[in-house]
Structures are given as structure tokens and as C-alpha cells.
Amino acid sequence: MEARIEKIKQQLQAQAFKLTPQREATVRVLLENEEDHLSAEEVFMLVKDKFPEIGLATVYRTLELLSELHVLEKMNFGDGVARYDLRNDSTHHHHHHLICVQCGSVDEILEDWLAPLEERLDREFQFTVVDHRLDFQGICHRCREKAKAKGNK
């Protein structure tokens, strides 16, 4: 975690920003909850537990700044709530999402299934893809199991 915080600190410094204690607390919460796709309000509540004097506006500004600097990706899964996902250096592109339309859960696909398509776009259209995102909406395995269990009773 410390290495990722240091990298984010360097990204901020490269754009003439500092990693203030409030920003660092926000980054730590995002790193600790990386799989959860937290909303700004959820980030705020978790940061406030550790940094009680922080305000919601500070967390919002921090999330927006980190998004503008491409440290985070701001996304919406169709529920009208902006959620934040840390960019990961280990993958060229973002991971993809399976979004359950019944319970709202979000599962991740860590493989990049679109690499062959990107190569074809480059080859046939001389178009270089620098990023992409793919979201699937449907019914998750948990909801399917609940429905199956109800049907058998």
C-alpha cells in the first residue's frame, strides 16, 4: 500500500499538487476498499471514521482531483451514483464489470477480452485505442441462486 501511496504522491507532485493529510486519508480508504467501487458518500463516511474533522466537500474535491489526474476512474453503473475505482498499473486497461440489475452488486472481470478487437481496430482503421470500458448488465449468480431456492420451496 505504501508504494501505491508514494506513486500517487508523485503523480500529484508532477501536476503541482500536494498529498495533504486529507488526500492521503482518502487514498488510504480507496486502497483499503479497492474492490467495493465506493461512492463519494461512502468514501466520506470511511474517511471520517479515521479523520473526524474532514468535511464532505474536501472528500468530493479530492475525488474529483484524483479523477482529473487519472488516478481514479469515475463511473456510473446505471444507478445514478458516481462511484470511484483506482487505476491499477498492472493492467493496460481497466477491468470490466458485471452489474446485477436486481441487487445492484458489481463483480469484476480482470481479463482484457478486448485486446484482439483493439489490434483489429489498429490494423484495419489505423485507430489506436488508449482505453476502454465494458460493463455487462444482468442477473448475478447470487440472485439466480436465491430465485432457484425460492422456486424449489
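Coordinates for the structure precede this section.
Quantities reported herein were computed from a predicted structural model and do not represent experimental measurements.

Participant: Give a detailed account of the overall build of the protein, specifying residues and quantitative values.
Facilitator: Across its full length, the protein holds six helices and five strands. Along the chain direction, N to C, the helices and strands of the protein fall in the order α-α-α-α-β-β-β-β-α-β-α. Projected onto its principal axes, the C-alpha coordinates of the protein cover approximately 55 × 50 × 25 Å. Partitioning the contacts of the protein with sequence separation of at least 6, the portion at a separation of at least 24 is 53%.

Participant: Before we move on, could you go through the pattern of salt bridges and cite the residues and values that matter?
Facilitator: As enumerated under the stated definition, the model contains eight salt bridges in all. Residues Glu2 and Arg28 are paired through a salt bridge, measuring 2.9 Å at the closest nitrogen-oxygen approach. Here the residue Glu2 occupies a position in helix 1 (residues 2-14), and Arg28 occupies one in helix 2 (residues 21-32), the gap between them amounting to 26 residues. Given the relative accessible area of 22%, Arg28 is considered partly exposed. Between Lys50 and Glu32 there is a salt bridge, and its shortest N-O distance comes to 2.4 Å.

Participant: Describe the sheet that holds strand 5 (residues 135-138), naming the residues involved and giving the relevant values.
Facilitator: To summarise the sheet geometry, strands pair through backbone hydrogen bonds and adopt either a parallel or an antiparallel arrangement. Spatial strand order, 4-3-5: three strands in an open sheet with mixed pairing. Edge positions in the sheet fall to strand 4 (106-109) and strand 5, since each has one partner strand and no second. Averaged over all adjacent pairs, the angle separating strand axes in this sheet is 20°, with direction ignored. The sheet contact formed by strand 3 (residues 96-100) and strand 5 spans four bridges and is parallel. Paired with Cys100 across the bridge in strand 5 is Gly138.

Participant: Residue-level account of the nonpolar core, with values.
Facilitator: In terms of nonpolar packing, the biggest core is built from 25 residues, with Leu30, Val43, Leu63 and Leu66 touching the most fellow members. Put simply, the parts of the chain that give this core at least two residues each are helix 1, helix 2, helix 3 (40-50), helix 4 (56-68) and strand 2 (82-86). Sort the elements by how many residues they give to this core and helix 2 lands first, with five residues. Not counting residues up to four positions away in its chain, the partners in contact with Leu66 are Ile8, Leu12, Val27, Leu30, Val71 and Leu72.

The rules behind the values
- Residues numbered from 1 in each chain as written.
- Predicted model: local features only at pLDDT ≥ 70, side-chain atom pairs only at ≥ 80, totals over all residues.
- Heavy atoms only, no water.
- Helix = DSSP H or I, 4+ residues; strand = E, 2+ residues; numbered from the N terminus.
- Contact = heavy atoms within 4.5 Å.
- Salt bridge = Lys/Arg side-chain N within 4 Å of Asp/Glu carboxyl O.
- Buried < 20%, exposed > 50% of the residue type's maximum accessible area, 1.4 Å probe, protein only.
- Pairing = 2+ DSSP bridges.
- Axes fitted to C-alpha atoms, helices over the stretch in contact; angles between N-to-C directions.
- Core = buried A, V, L, I, M, F, W, Y, C linked by side-chain atoms within 4.5 Å.

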